[in-house]
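Architecture at a glance
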Amino acid sequence: MFVNKLLKVILLLLGGVFIILQGLAYEKEGAAVSAFMLVLLTILYCRWTTNKSLFFFWFLVAFTAGQLLSYISWYGPEIKVGEVDYYYYGANVLYIISYLFLIVKIASSFKLRDIFKELSIPIMILLLLDVFCVVLVTDTTKGALTGYEYTLEFTYNAVIMALLSVALIDYMYRDDRKSMLFLIGSIFIVFSEIIQLAYYYVLEDKSLIFVYSLFLVVAFIFFYLQSQLQLSEPQPNYIDEQLEA
């Protein structure tokens, strides 16, 4: 129990250090801290979580691998104009895979017949909003990316918007604390990714690094908190009163 609490305190401190380093534009050092922090988080989850999820475990593994690859890229050879940045593609593919694991984790618990019966209209609205948001956000990178890079960014944005939509559907479906925490974590992830995109391709403002780093840390806090709770059955939105004759 002592090691468990100590590890949580260390993770919170490392999260603060990561945010400060990123905010001060020490991105290489921040990448090292974030990779180490995710390794510790994976250990914490595997060692002290009662109700483990295989999909959540692989989410942590894939995301950690992506962060490690991002850190290694700082020591790789300089990418010249016209050369393929394998670190960029590899890290982003790993992030996409990690978010897909989260989507599968949530969607696999759905009873699809009940979902479409009760939430068909919200699902259609979310689908339209997802398409609109993905096209709008990804178009901000037009002219700055090659065709392959644009396709990768489009896929990346589509996956994180799908994650947010699935999290929202899960909350409407279950209406419990676990789904609420997962939804909040997904919201912070999406905003973190959008702000990061804005920093790299729209507005190179150092304060944006601080914000997206903060949102990323907060997202993982909520993801970890929800992982400690047990999955519950869907809750009805209301219960009709039984009238006595």
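Residues numbered from 1 in each chain as written. Predicted model: local features only at pLDDT ≥ 70, side-chain atom pairs only at ≥ 80, totals over all residues. Heavy atoms only, no water.

This part takes up the side chain of Thr138. Residue placement: Thr138 occurs in helix 5 (residues 112-138). Of note is the side chain of Thr138, whose polar atom sits 2.6 Å from the backbone oxygen of Val134. The contacts of Thr138, once residues within four sequence positions are left out, are Tyr150, Glu153, Phe154 and Asn157. (Helix = DSSP H or I, 4+ residues; strand = E, 2+ residues; numbered from the N terminus. Polar contact = N/O pair within 3.5 Å; in protein donor to acceptor, adjacent residues only side chain to side chain. Contact = heavy atoms within 4.5 Å.)

By the definition in use, this model includes one salt bridge. Here Arg174 makes a salt bridge to Asp170, at a shortest N to O gap of 3.0 Å. Pair noted here: Arg174 and Asp170 are both in helix 6 (residues 147-174), with a separation of four residues, about one helical turn. By relative accessible area, Asp170 is classed as buried at 3%. (Salt bridge = Lys/Arg side-chain N within 4 Å of Asp/Glu carboxyl O. Buried < 20%, exposed > 50% of the residue type's maximum accessible area, 1.4 Å probe, protein only.)

Further remarks concern helix 4 (residues 86-107). For helix 4, which comprises 22 residues, the first-to-last C-alpha distance of 31 Å matches the rise-based estimate of 32 Å (1.5 Å per residue) to within 8%. Within helix 4 the residues assigned to the buried category are Tyr88, Ala91, Asn92, Tyr95, Ile96, Ser98, Tyr99, Leu102, Ile103, Lys105 and Ile106. Capping the start of helix 4 is the job of one residue whose side-chain oxygen sits 3.3 Å from the backbone nitrogen of Tyr87: Asp85. (Expected span 1.5 Å × (residues − 1).)

Now for empty space enclosed by the protein. In this approach, a probe sized like a water molecule rolls over the atoms, and the result shows the empty space that is left. What the rule picks out here adds up to two cavities of 30 Å³ or more. Considering only enclosed or pocket space, the largest cavity measures out at about 40 Å³ in volume. Lining of the largest cavity is provided by Cys133, Val134, Val137, Asn157, Ile160, Met161 and Ile194. Of all the elements in the fold, those that place two or more residues in the lining of the largest cavity are helix 5 and helix 6. Its residues assigned to classes, the lining of the largest cavity comprises six nonpolar, one polar and no charged. If you trace the second largest cavity, you find it lined by Lys105, Ile106, Asp170, Arg174, Asp176, Lys178, Ser179, Phe182, Gln226 and Leu231. Those elements that provide at least two residues to the lining of the second largest cavity are helix 4, helix 6 and helix 7 (177-201). With three residues, the single largest contributor to the lining of the second largest cavity is helix 7. In terms of residue class, the lining of the second largest cavity is made up of three nonpolar, two polar and five charged. (1 Å grid on protein atoms, 1.4 Å probe; cavity = no way out; pocket = protein on both sides within 12 Å on 5 of 7 lines; lining within 4 Å. Points joined across faces, edges and corners; volume = space filled by probe spheres on them. Nonpolar A, V, L, I, M, F, W, Y, C, P; charged D, E, K, R; others polar.)

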